[in-house]
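Structural overview
Listed here are the chains, written in short residue letters.
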Amino acid sequence: MNYKFPTDFWWGSASSATQMEGAYNVDGKEQNIWDYWYEISPEKFHNNIGPKDTSNFYYKYKEDIALMKELGHNSFRFSISWSRLIKADNSINQKAVDFYNNVINTMLENNIEPFINLFHFDMPMYLQEIGGWENREVVTHYQNYAKTCFELFGDRVKKWFTHNEPIVPVEFGYLGVHHYPAIVDFKRAVQVGYHIMLSSALAISEYRKLNLDGQIGIIINLTPSYPRSNSKEDLEASNIADLILNRSFLDPSVHGEFPGELIEFVKQQNLMPIYTKEDIEIIKNNTVDFLGVNYYQPRRVKAKESEVKEEILTPESFFDFYDMPGKQINPHRGWEIYEKGIYDLSINIRDNYKNIPFFISENGMGVEGEDKFKVNGRIEDDYRIEFIREHLKYANKALNEGCNMKGYHLWTFMDNWSWLNAYKNRYGFVEVDINNEFKRTPKKSAYWFKELILNNGF
């Protein structure tokens, strides 16, 4: 069977500033929360590798973009480092402007469209010190930062995103301990999530005021919440997981309002954020043009089997995770592989979210110890080829059933640094040898994907 895709499909990959730029303290860049956390707690990071160098894109961007072109990519999503561009005194760092202009112009010269995301988990430390996303003042700082980016780069960049995976700073930074400030406090987490959503709408408002001829969206990790069974209790558990972890950002982004059920839940648990009526109007009137959708694995849930302990309330106080027997697993990472999830989330967008234009902005397979798959100097990652191919079969099915899908980006182009996991799991089309001057070597999957792009299918 042939799987064909539209001729204008966006084929490419994605990364983020902190994960690939390196040059963490040069040319006027300020500290972000990752630089600070590594400075005070390097032992938290896998093999004590911090964000200092990462994949050195700051110095190697010309080589990397040339390689993207050679491998057939027509688009690449990356982020701007807020702490590189805007200094603590609110002035603009001209060396950062020069860098991002060079990256954008080099991409365009190579017929690769830049997709730019404004925030990817990397709060400037000077703003975290006043509360980060808990503080309404930081929302205004972000609004000004977004406006600055649009004014500097919006003449050439036509695809913008306000946030990548907005649930993650909430879930990992305020309901867990995987991101700084590593506070577990549901009420503060709700305030953070609300302010992120408000900041997204305000950025969209600024973009529209400038009458630029591009589009602005948001990137949400839509993880389908599958119930263990069709029992009332399991269905309720999957619904609450979906409300908190998916719809809290998806609904206001597309429909301009938070789900009524979610508001009721937040009120019942005494978790309501501080907000104004004006804020609600801003969110209502500034919805996205299109969506980026990140999909890695499903969320399997069942009814809570133990009592809720009020003093440590988290989303998992209201459902339990379900370990489904017989599921397909990535043995190198431990995550479930469930290709049909990409189809299910596409149908959900088609049927419940106005069939808004969207693209798969991240999908990928992390593997620890990829060196063991090296043959004659190249990583033979047939497992990654299979992973992409099987997901694309379901993406193709969704397209054929009327879903408004515009593209597919793999996470990631080259192996990059991944927060506390550092370089533990590799996701790239291109190997990065961090012990040999960050040498780049394309893996087998890179050439397979190139062929797919040339044929616009497989």
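Residue positions are given per chain, counting from 1 as you read along its sequence in written order. Given that this is a predicted model, residues contribute local features only at a pLDDT of at least 70 and side-chain atom pairs are listed and counted only at 80 or more, while totals for whole chains, interfaces and linings are drawn from all residues. Values shown for side chains rest on all heavy atoms present in the structure; no hydrogens or waters enter the calculation.

1. Here's the deal with empty space enclosed by the protein
- Cavity and pocket criteria rest on a 1 Å grid covering protein atoms alone: a 1.4 Å probe that fits but cannot get out defines a cavity, protein on both sides within 12 Å along at least 5 of 7 lines defines an open pocket, and an atom within 4 Å of a point defines a lining residue. Grid points are joined across faces, edges and corners, and a volume is the space filled by probe spheres set on the points. The full count for this structure, using the stated rule, is four cavities of 30 Å³ or more.
- Space inside the largest cavity adds up to approximately 100 Å³.
- Lining the largest cavity are 13 residues, and of these Ile33, Gln128, Trp133, Pro169 and Tyr180 sit closest to its centre.
- Along the lines of polarity and charge, the residues of the lining of the largest cavity split into nine nonpolar, four polar and no charged.
- Of the pockets and cavities examined, the second largest cavity occupies roughly 60 Å³.
- Tyr296, Asn330, Arg333, Trp335, Glu336, Ile337, Gly364, Met365, Gly366, Phe387 and Tyr427 are the residues that line the second largest cavity. Three classes are used, and their members are as follows: Ala, Val, Leu, Ile, Met, Phe, Trp, Tyr, Cys and Pro are nonpolar, Asp, Glu, Lys and Arg are charged, and the others, Gly among them, are polar.

2. Focus on the layout of surface pockets
- Put simply, the largest pocket is a space of about 1,300 Å³.
- The wall of the largest pocket is formed by 42 residues, among which Glu171, Phe172, Gln297, Arg333 and Trp335 lie closest to the centre.
- Within the residue set of the lining of the largest pocket, elements represented by two or more residues are α8 (167-173) and β8 (299-302).
- Strands are runs of DSSP state E lasting at least 2 residues, helices are runs of H or I lasting at least 4, and numbering of each runs from the N terminus. At four residues, α8 tops the list of elements feeding residues into the lining of the largest pocket.
- Space inside the second largest pocket adds up to approximately 530 Å³.
- Lining of the second largest pocket is provided by 26 residues; of these, Tyr194, Phe258, Leu262, Val266 and Pro273 occupy positions nearest its centre.
- Split by residue class, the lining of the second largest pocket holds 20 nonpolar, three polar and three charged.

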